[in-house]
Amino acid sequence: MEYNNIANKKGRVPLPIKIFIDQGHNPSGTFNSGAEANGVTESEVNYQVGIYLQNLLNSDSRFEARVSRPTPDTVLGTNNTTSLQERVRLANEWPANYFISIHCNSNPDPDINGTEVYIYRTGTQSNWLADAVLNAVTETVGTNDNGVRVNPSLYVLRRTNMHSILIELAYVTNLSDAMKLRDNQYQFANGIYLGIKRYFGFE
């Protein structure tokens, strides 16, 4: 394997591999601010997990990572629609090779828990990346594996020009999950990083 290119089932990928990390939602008190429950704020978790993941990737010479929210106060767009458009624009104009959107989930039923990853369609590189990331996150953090799910209506999966996944780390509305989201943010990021490396055959 050459250092400058990875030639495998994913085709030829130049190094460093460019990964855009979208920390879903905007800060509390603004539009598109995400879910809050059990003392956990989704946008804050998304932000910090994204920063940890960026640091892990950028400390590995095989990757180059950027985030959509470089500071906790970064607000993208002027409403819900333009917030999503701005995240996609940043990734497409870079251009990134891969797009990873980080979210936390919520449900009216507090017993619902676990991690799931959304993709645009099955049988794609995004599908294989989602499988690797989901397995690594649940293994690292101990959340339940809710599987890889197809949702072609998600704007950031539909409009990005690269392989894209959306991770729902865990449920803020489930007490056990919420405590993991509060206390294990680095572990979530490390699980995603491990999954990315496994996908590329680096682990």
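Residues numbered from 1 in each chain as written. Predicted model: local features only at pLDDT ≥ 70, side-chain atom pairs only at ≥ 80, totals over all residues. Heavy atoms only, no water.

Enquirer: Quick question: what am I supposed to make of the pattern of salt bridges here?
Expert: Pairing is possible between side chains of opposite charge, provided their charged atoms come close. Across all of its chains, the model carries seven salt bridges by this definition. Of the charged contacts, one joins Asp60 and Arg62 as a salt bridge, the two residues approaching to 2.9 Å between their closest N and O atoms. On the basis of relative accessible area, Asp60 is assigned to the buried category, the value being 8%. Judged by relative accessible area, which is 23%, Arg62 ranks as partly exposed. In this structure, Glu139 engages Arg198 in a salt bridge whose closest nitrogen and oxygen atoms are separated by 2.9 Å. Taken together, the residues span a long stretch of sequence, with Glu139 in helix H3 (residues 125–141) and Arg198 in helix H6 (residues 185–199) at a distance of 59 residues. (Salt bridge = Lys/Arg side-chain N within 4 Å of Asp/Glu carboxyl O. Buried < 20%, exposed > 50% of the residue type's maximum accessible area, 1.4 Å probe, protein only. Helix = DSSP H or I, 4+ residues; strand = E, 2+ residues; numbered from the N terminus.)

Enquirer: Teacher, can you tell me more about the sheet that holds strand E9 (residues 145–150) here?
Expert: In any sheet, the strands associate via hydrogen bonds between backbone groups, in a parallel or an antiparallel arrangement. The mixed open sheet is built from six strands, whose spatial order is E6-E3-E7-E10-E8-E9. Where the open sheet ends on each side, the last strands, each with one partner, are strand E6 (63–67) and E9. Within the sheet, the average angular offset between the axes of one strand and its neighbour, ignoring direction, is 20 degrees. Bridging between strand E8 (residues 115–119) and strand E10 (residues 163–171) involves three bridges; their strand directions are antiparallel. Residue Val117 lies in a different strand from E10, and its bridge partner there is Ile167. This element, helix H1 (residues 42–58), spans strand E3 (17–23), E6, strand E7 (98–105) and E10 of the sheet and lies at about 155 degrees to E6. Against the sheet, helix H5 (residues 175–183) makes contact with E7 and E10, and its axis sits at roughly 115 degrees relative to E10, the strand it touches most. (Pairing = 2+ DSSP bridges. Axes fitted to C-alpha atoms, helices over the stretch in contact; angles between N-to-C directions. Contact = heavy atoms within 4.5 Å.)

Enquirer: Teacher, can you tell me more about the side chain of Thr74 here?
Expert: Structurally, Thr74 can be placed in the loop between E6 and helix H2 (80–93). The class of Thr74 is buried, set by a relative accessible area of 16%. Side chain to side chain, Thr74 and Thr71 meet in a polar contact 2.8 Å long. The residues touching Thr74, leaving out its near neighbours within four places in the chain, are Asn26, Pro27, Ser68 and Arg69. (Polar contact = N/O pair within 3.5 Å; in protein donor to acceptor, adjacent residues only side chain to side chain.)

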